[in-house]
Amino acid sequence: IALMPDCSALSDCSGHGECSAPHRCTCRLTEAWAGEDCSLRIPDRTSSIVCEHGVAFVGTPARCRFVARLAHEPVATSSLLVSVTARDRYGILRQEEASAVSELPFTFTAARPFESKDFTYRGLFEVTVKYLPIIGALSFVSQVKAVLPPDPGRSEVSCEAPSALPLGAKVACSVRFRDAAGEAVCVPAARGVVRARATSA
């Protein structure tokens, strides 16, 4: 009588591995299957890193995400399989725990100003994929630059409006952001209007 280990609690290794011991799967790594129940994929170089904005403020966390792909197709993976890091002298990266998702979130806090062209040949972010020692760390060149945050005391607001506005009127305004040194700063900001709430004599 042959006794077979039971992996029913692990969906019988999802059909992508062998039940090597009770509640233990051996996944088909050569086919890019991984995870406790062999339901996750090992992403490849067709993956990418996307940040919410192309401009990050020094000292302020910027939200980004690792988009997992395998042969250009989105796949479900885990932060246990994929580790994202940033070059130390440029900032601090904190990766959030996530599993069975195609996008792994993380935040990057720039420690100093830099331009995206500083990483033309080597990426700002490095990704280490478990079980892929041949490939090793993948470098990603992201179009992100870091600038000093704007200084409210030096930034300027200008509006296309007469000196007096009727109550409830709308007027288009623009903001010129400047840092503590008085230099202009590019920031991701939405265009809008300012509604006058009161009048002055």
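Residues numbered from 1 in each chain as written. Predicted model: local features only at pLDDT ≥ 70, side-chain atom pairs only at ≥ 80, totals over all residues. Heavy atoms only, no water.

**Student:** Could you clarify how one ought to interpret the confidence of the model for the protein in this entry?
**Tutor:** Interpretation of this model should avoid reading the predicted coordinates in detail wherever pLDDT is low. Looking at the protein as a whole, the pLDDT averages 84, with 88% of positions reaching at least 70. For residues 190–194, every residue scores under 50 in pLDDT, and the model assigns this stretch 7 contacts once sequence neighbours within four places are set aside. (pLDDT = per-residue confidence, 0-100. Contact = heavy atoms within 4.5 Å.)

**Student:** Explanation requested: the packing of aromatic side chains in the structure shown.
**Tutor:** Given two aromatic rings, their pairing is described by the distance between the two centres and the angle made by the two planes. On inspection of all chains with the given rule, the structure shows 6 aromatic pairs. Between the aromatic rings of Y90 and F119, the centroid separation amounts to 4.8 Å while the plane-to-plane angle is 70°, which identifies the pairing as edge-to-face. Separated by 29 residues along the polypeptide, Y90 in the loop between β11 (82–86) and β12 (91–95) and F119 in the loop between β14 (103–110) and β15 (125–129) bring together distant segments of the chain. Taking the relative accessible area as the measure of exposure, Y90 reaches 6% and is therefore buried. Feature note: the residues Y90, F106, F108, F114, F119 and F125 constitute an aromatic cluster, connected by ring pairs. For the cation-ring pair, R41 lies above W33, with the distance from its terminal atom to the ring centre recorded as 3.6 Å. (Phe/Tyr/Trp six-rings, centres within 6.5 Å; stacked < 30°, edge-to-face > 60°. Helix = DSSP H or I, 4+ residues; strand = E, 2+ residues; numbered from the N terminus. Buried < 20%, exposed > 50% of the residue type's maximum accessible area, 1.4 Å probe, protein only. Lys NZ or Arg CZ within 6 Å of the ring centre and 35° of its normal.)

**Student:** Where do I start with the pattern of salt bridges in this structure?
**Tutor:** When charged atoms on two side chains of opposite charge get close, those side chains can pair. Scanning all chains against the criterion turns up 5 salt bridges. With a shortest N-O distance of 3.5 Å, R87 and E126 are connected by a salt bridge. Taken together, the residues R87 in the loop between β11 and β12 and E126 in strand β15 connect sequence positions 39 residues apart. Judged by its relative accessible area of 18%, R87 is buried. (Salt bridge = Lys/Arg side-chain N within 4 Å of Asp/Glu carboxyl O.)

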